[in-house]
Each structure stands twice: as C-alpha cells, then as structure tokens.
Amino acid sequence: MIHAPPVQTPRWTRDYVFDILRDLGIHSIFGVPGTNEIPIIDGTSYSENSVRYIECLHENIAIGAAMGTARMSGKPGILVVHITPGIAHSIGNLFNAWRSRVPLVILCCQQQNELVTQEPLLASNLVDLARQYNKWAHEVRAPEELPLVLQRAFKEAMAPPNGPVFVSIPWEFTMRSIGDNDRIKGITRIPANFTGDASAIARAATALSGASRPIIVCGDAVGCDNAWIEVQELAELLGAPVLLQTFGSVANFPNDDFHWQGELPGSQAG
C-alpha cells in the first residue's frame, strides 16, 4: 500500500503571530472583523494554532475583553482592529489600559501599501493616532521586519511597567509565503519582580520612622503584585491610614481593614 505524504499547511507571514501566541500560551484574540484582518482571523481556524477569534460588538468592548483576559492570565491581551475606525473606536479603553498598565498587543491591519499614498477610504496615519496611549507604536515597513517587530512588541508589553503596544501591519505583509523553518524562536522575557535598592529602602525606613502623621497611598502595583499582606503589616507598624490612588484600576488594600480610608480625592483641594 502506498501512503501519500501528509499535506502541509502553507506558512504565511501572519503565522509569526501564532508562533508567539503558542510560545506564550495565549489562546484568544479579540476584535471586530474587517477585510484586512481576514488573514489573521483565518489563522485561528487551524487547530494547531489553538487560538480562538472572539468577535465582539464594538472595538471598545473588544479591548475591554482583552484587558480582562490580561488581568486574569498575567499575559498580554491580543486585539486585532481594522484601520482607522478600529483603533479610533478603541481609544477610550486604550487610555484605560495605558493608565492602568495593562499589557496589550494591538495589531491594526492597515490598507495595502500601494493604496495608502492615494488616501483610500478609512486609511490614515495610524501610528500617530495610537502613539499617545502606547508604550511603543510602529508601522511595519517590510515583511522581513515582521518577526523583529512582533518580538519587540510582546517584549515591550510584558516589560515592567506593563502597558499596551500598537503595531500597524499593511494588509499584503500578512500573506507573504515563508519557509517551514521560518519561525519566531521565542520572546525575551524580563522578570516582573525586582529587589529594591538597599540604600533607598534604608532612607525610606528612616523617613517613615521619623514621621509624625504618615499616610500610605496604595497604587495599582500593590494590587497587581498581590502585596496586600505586606502593606497591612506596614500600616500596622506605622499606625498609618491607607488610601487608594485616585482612579485606581484594581483593589489595592482590603476594605474591611480599619486602616482603610477610601480613595485619595481627585481634586487639589481634597
């Protein structure tokens, strides 16, 4: 009996995205579909990628879902959006992600390069539109740089302090044929936990021990690092009231602890 060789799925440049998601154990992409995103969305239909495309009603909802996934998993949330309307509709929650240091990678599918100079419908300078609320924003200039750009994007999103990263990809760059061995070998990881400088800690301890009316203001890093117990112990030692940073994004101190005094007022007078 003659057995036919297995049919191999062709590899396209869009598969670089799935190489990274596989390496990081990320299984969801959120978005509102448009024509330019079809190659990436199609990649979720292959079982070997183990990634679901989750279609949402609006981009601001999609980015909110990606933020929630990032909070729960500790890994970047992935958002795929459609040209100018896609990123523009996301700005509200993009600001929240930037303010709250949520790791996100936003893949925005730009118009085809040959068309951009003719100012086609929905096209714009996407990087300028997104830059203000991202750690890094970049438009891919050639398909050959896509692996390097994606590696940097995910590294930036996960590097403390975390935050959103924006990558604009011209449509035709997602469908260039690549070899079976052309895979992204992994992302450089930067540890999230650091040891504070010993001399700075000593100076802080001296200042706190000499303070007559200390107040502790808990920022979101306390909640993100699950440092409730340590802050409770510090508040007990100092006899200090504890307040949440203004417009905090996560719970940073147990509200049933008697040191808790609520949120820091948002006004200068407060």
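Because the structure is a prediction, the values reported are computed rather than measured.

We now examine the sheet that holds strand 3 (residues 52-55). Pairing within the open sheet is parallel, and its six strands lie in the order 3-2-4-5-7-6. Where the open sheet ends on each side, the last strands, each with one partner, are strand 3 and strand 6 (136-139). Direction aside, neighbouring strands of the sheet carry axes that sit 20 degrees apart on average. Pairing analysis gives four bridges linking strand 2 (residues 28-31) to strand 3, with the strands arranged parallel. Across the sheet, residue G31 finds its bridge partner in strand 3, namely E55. Contacting strand 4 (77-82), strand 5 (104-110), strand 6 and strand 7 (164-170), helix 8 (residues 146-158) crosses the sheet at an angle of about 165 degrees to strand 7.

What follows is about the packing of aromatic side chains. Scanning the entire structure with this criterion turns up two aromatic pairs. Residues F95 and Y133 carry aromatic rings whose centres are separated by 5.3 Å and whose planes lie at 85 degrees to one another, so their mutual orientation is edge-to-face. You can see F95 sitting in helix 5 (residues 91-100) and its partner Y133 sitting in the loop between helix 7 (126-130) and strand 6, a full 38 residues away along the chain. According to the relative accessible area criterion, F95 is partly exposed, its value standing at 35%. Cation over ring: R101 sits above W98, and NZ or CZ is 4.8 Å from the ring centre.

A cluster of nonpolar side chains, contributed by I215, V217 and L264, occupies part of the molecular surface with about 250 Å² of accessible area. Along the chain, I215 falls in the loop between helix 9 (198-209) and strand 9 (216-218).

Paired through backbone hydrogen bonds, the strands of a sheet run either parallel or antiparallel to each other. Across the sheet, three strands lie side by side as 9-10-11; this open sheet has parallel pairing. Both outer strands of the open sheet, strand 9 and strand 11 (260-263), are each paired with one neighbouring strand and no more. In this sheet, adjacent strand axes meet at a mean angle of 25 degrees when their direction is disregarded.

Attention now goes to the packing of helix 3 (residues 59-73) against helix 5. Running from N to C, helix 3 and helix 5 cross one another at 25 degrees; their axes reach a closest spacing of 8 Å. Regarding the angle of helix 3 to helix 5, the classification is roughly parallel. Residues N60, I63, G64, M67 and R71 of helix 3 lie in contact with helix 5, whose contacting residues are I91, G92, N93, L94, N96, A97 and S100. Within the contact of helix 3 with helix 5, the residues separate by chemical class into five nonpolar, six polar and one charged.

Here the focus is the nonpolar core. Inside soluble globular proteins, nonpolar side chains tend to come together where they are buried. In this structure, L21, I29, L107, L150 and F154 are the most contacted members of the largest nonpolar core, which totals 31 residues. Where this core is concerned, the elements lending two or more residues are helix 1 (15-24), strand 4, strand 5, helix 8 and strand 7. Beyond its immediate sequence surroundings of up to four residues, L21 is in contact with I26, I29, V51, I78 and F154. Counting residues in hydrophobic clusters, the runner-up holds 23 residues, among them L79, L104, L126 and A130.

Right, let's get into helix 9. With twelve residues, helix 9 extends 16 Å from end C-alpha to end C-alpha; this agrees with the ideal 16 Å at 1.5 Å per step. Little of helix 9 is tucked away, with zero of its twelve residues classed as buried.

Rules of the game
- Residues numbered from 1 in each chain as written.
- Predicted model: local features only at pLDDT ≥ 70, side-chain atom pairs only at ≥ 80, totals over all residues.
- Heavy atoms only, no water.
- Pairing = 2+ DSSP bridges.
- Helix = DSSP H or I, 4+ residues; strand = E, 2+ residues; numbered from the N terminus.
- Axes fitted to C-alpha atoms, helices over the stretch in contact; angles between N-to-C directions.
- Contact = heavy atoms within 4.5 Å.
- Phe/Tyr/Trp six-rings, centres within 6.5 Å; stacked < 30°, edge-to-face > 60°.
- Buried < 20%, exposed > 50% of the residue type's maximum accessible area, 1.4 Å probe, protein only.
- Lys NZ or Arg CZ within 6 Å of the ring centre and 35° of its normal.
- Patch = residues over 30% accessible without salt bridge, like charges linked within 9 Å, V, L, I, M, F, W, Y side chains within 5 Å.
- Areas by Shrake-Rupley, 256 points an atom, 1.4 Å probe, with all protein chains shown as cover.
- Salt bridge = Lys/Arg side-chain N within 4 Å of Asp/Glu carboxyl O.
- Parallel < 35°, antiparallel > 145°, perpendicular 65-115°, else oblique.
- Nonpolar A, V, L, I, M, F, W, Y, C, P; charged D, E, K, R; others polar.
- Core = buried A, V, L, I, M, F, W, Y, C linked by side-chain atoms within 4.5 Å.
- Expected span 1.5 Å × (residues − 1).

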